[in-house]
Amino acid sequence: MPGSANLNIMIKAARTAARGLVKDFREVENLQVSSKGAGDFVSRADIAAERTLRDILLSERPNYGWLGEETEEVAGTDPTRRWIVDPLDGTTNYLHGLPHWAISIALEHKGEIVAAVVFDAAKDEMFFAEKGGGAFLNNARLRVSDRHRLIEAIFATGLPFGGRPELPAVMQDLGRLLPATAGVRRMGAAALDLAYVAAGRYDGYWERGIHPWDVAAGLLLVREAGGLVEPIGEAGDIFSSRALVAANSQIFDTFAKVIRNA
Ligand code: IPD
């Protein structure tokens, strides 16, 4: 399906950065890692991938801003547009040799995500979407699932690690959700969790303590596949509150009520 010039640049950047990540993944034991806080590791591959993405995206669109996980934020001369990038979502999986990680690239315009790419290079799955244009996986149109009973549905989340403060709230979420559903998965890459909701593989996803680069692209995938994404709390938006709930539109209210304990 033909996309906009921006989408094509994003796909090209993802494929280019993925080549280095795939090569380094094969040699994961030899990677030097540096610790960025308990349980949260940054590899050389991660930083190199961000550099590649940044070089391509900012040379193609020098006036856009930049928000990436690994490098300094840049304000563009066009204050309405910025790239929001996680060069390696699922870093812990990557470092442990688990083939479940992705490159996530979003384009924000006037505070809204308008284009998204999530590339799972290990499985050669390219998820992409543009606002108003639908969501796709390798050129096949995506639709969220239509399960509407919690007891038949499975949900993904991220579990707080390394002493993160969200643990008590997430334990309560699990206590309410697990008895009422077909299960909860913790696969370790938020961008892919959202892409899988868009693809109907999961019925919903929630997480507390996320960063914009983890979810910016994935939330557009879900919306363009017919699902809903909202902040968990009433105060603030998804990026400022750092907590979101996403699901197919049939199950969203019931699921969100459980997560919001409403
Ligand atoms: C992490 C992953 C994980 C999620 C964490 C994120 P990273 O991103 O998406 O699934 O639970 O909240 O920080 O560190 O691998 O880019």
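As the structure is a prediction and not an experimental result, all values here were calculated from the model.

Conventions we followed
Residues numbered from 1 in each chain as written. Predicted model: local features only at pLDDT ≥ 70, side-chain atom pairs only at ≥ 80, totals over all residues. Heavy atoms only, no water. Helix = DSSP H or I, 4+ residues; strand = E, 2+ residues; numbered from the N terminus. Expected span 1.5 Å × (residues − 1). Buried < 20%, exposed > 50% of the residue type's maximum accessible area, 1.4 Å probe, protein only. Axes fitted to C-alpha atoms, helices over the stretch in contact; angles between N-to-C directions. Parallel < 35°, antiparallel > 145°, perpendicular 65-115°, else oblique. Left-handed = near helix turned anticlockwise from the far one by under 90°. Contact = heavy atoms within 4.5 Å. Core = buried A, V, L, I, M, F, W, Y, C linked by side-chain atoms within 4.5 Å. Pairing = 2+ DSSP bridges. Arc of directions from axis to C-beta. Phe/Tyr/Trp six-rings, centres within 6.5 Å; stacked < 30°, edge-to-face > 60°. Lys NZ or Arg CZ within 6 Å of the ring centre and 35° of its normal. Near = heavy atom within 4 Å. Polar contact = N/O pair within 3.5 Å; in protein donor to acceptor, adjacent residues only side chain to side chain. Areas by Shrake-Rupley, 256 points an atom, 1.4 Å probe, with all protein chains shown as cover. Nonpolar A, V, L, I, M, F, W, Y, C, P; charged D, E, K, R; others polar.

Q: How do you make sense of helix α6 (residues 212-224) when you look at a structure like this?
A: In an α-helix, one turn spans 3.6 residues, which is why side chains three or four residues apart end up on the same side. Along its 13 residues, α6 runs 18 Å from first to last C-alpha, staying within 8% of the 18 Å computed at 1.5 Å per residue. Of all 13 residues in α6, 12 are buried; the element is thus mostly enclosed. For α6, the set of buried residues is Pro-212, Trp-213, Asp-214, Val-215, Ala-216, Ala-217, Gly-218, Leu-219, Leu-220, Leu-221, Val-222 and Glu-224. Positive phi shows up at Gly-226, right after α6, with a value of about 95 degrees.

Q: Can you walk me through the packing of helix α1 (residues 5-26) against helix α2 (residues 44-60) in this structure?
A: Packed helices, taken two at a time, are described by the angle between their axes plus the distance between the axes. Between α1 and α2, the shortest axis-to-axis distance is 9 Å and the interhelical angle comes to 160 degrees. Considering their axes alone, α1 and α2 lie roughly antiparallel with respect to each other. In the crossing of α1 with α2, the sense of the turn from one axis to the other is right-handed. Packed against α1, whose contacting residues are Ile-9, Met-10, Lys-12, Ala-13, Ala-14, Thr-16, Ala-17, Leu-21 and Asp-24, the element α2 presents Ala-45, Asp-46, Ala-49, Thr-52, Leu-53, Ile-56, Leu-57 and Glu-60 at the interface.

Q: How do you make sense of the nonpolar core when you look at a structure like this?
A: Among soluble globular proteins, nonpolar side chains are generally buried collectively. Counting 40 residues, the largest nonpolar core has Phe-127, Tyr-205 and Val-215 as its most contacted members. Formed by 35 residues, the second largest nonpolar core is a distinct cluster that contains Ala-17, Leu-57, Leu-95 and Ile-103.

Q: Which parts of the structure should I look at to understand the sheet that holds strand β12 (residues 204-208)?
A: Within a sheet, neighbouring strands are paired by backbone hydrogen bonds and run either parallel or antiparallel to one another. Taken in spatial order, the 5 strands line up as β11-β10-β12-β14-β13 in an open sheet, and their pairing is mixed. Each end of this open sheet is capped by a strand with a single partner; those strands are β11 (183-185) and β13 (227-231). Shown here is a sheet whose adjacent strand axes are inclined to one another by a mean of 20 degrees, direction ignored. Pairing of β13 with strand β14 (residues 243-248) involves 5 bridges; the strand directions are antiparallel. Residue Pro-231 lies in a different strand from β14, and its bridge partner there is Leu-244.

Q: What exactly am I supposed to notice about the sheet that holds strand β3 (residues 65-68) here?
A: If you walk across this open sheet you meet the 7 strands as β3-β4-β5-β6-β7-β8-β9, and the pairing is mixed. Among the strands making up the open sheet, the edge pair consists of β3 and β9 (140-141). Pairing between strand β7 (residues 125-130) and strand β8 (residues 134-137): 4 bridges, direction antiparallel. Looking across to β8, one finds that Ala-129 is bridged to Ala-135. Against the sheet, α2 contacts β3, β4 (81-89) and β5 (102-109), and its axis sits at roughly 155 degrees relative to β4.

Q: What am I meant to see in helix α4 (residues 167-177) here?
A: Buried within α4 are the following residues: Val-170, Asp-173, Leu-174 and Leu-177. End-on view of α4: buried residues confined to an arc of 95 degrees, all on one side of the axis. Seen from the open side of α4, the exposed residues pointing more than 90 degrees away from its buried face are Pro-168, Met-171, Gln-172 and Gly-175. On its buried face, α4 is in contact with β10 (154-157), β11, β12 and α8 (252-260).

Q: Would you explain the packing of aromatic side chains in this entry?
A: Any aromatic ring pair is given by two values, namely how distant the centres are and how the planes are angled relative to each other. Per the stated rule, a full pass over the model turns up 9 aromatic pairs. Aromatic side chains Tyr-94 and Trp-101 sit 5.0 Å apart centroid to centroid with 80 degrees between the ring planes, which places their arrangement in the edge-to-face category. For Tyr-94, a relative accessible area of 0% corresponds to the buried category. Here Trp-206 and Phe-255 contribute two aromatic rings whose centre-to-centre distance is 6.1 Å and whose plane-to-plane angle is 75 degrees, an arrangement assigned as edge-to-face. One end of the pair, Trp-206, is in strand β12; the other, Phe-255, is in helix α8, with 49 residues separating them in the sequence. Neither residue differs from the other here; Trp-206 and Phe-255 are each classed as buried. The ring of Phe-119 has Arg-15 sitting right over it, with the charged end atom 5.2 Å from the ring centre.

Q: Explain the site of the ligand to me, please; I cannot follow it from the model alone.
A: Taken together, 15 residues lie around the ligand, and Asp-89, Gly-90, Thr-91, Ala-190 and Glu-207 are the ones closest in. In this structure, Asp-89 approaches the ligand through a side-chain N or O atom, which is 2.6 Å from an oxygen atom. Expressed as a share of its isolated accessible area of 380 Å², the protein-covered part of the ligand is 97%. Class assignment for the residues of the shell around the ligand results in 3 nonpolar, 4 polar and 8 charged.

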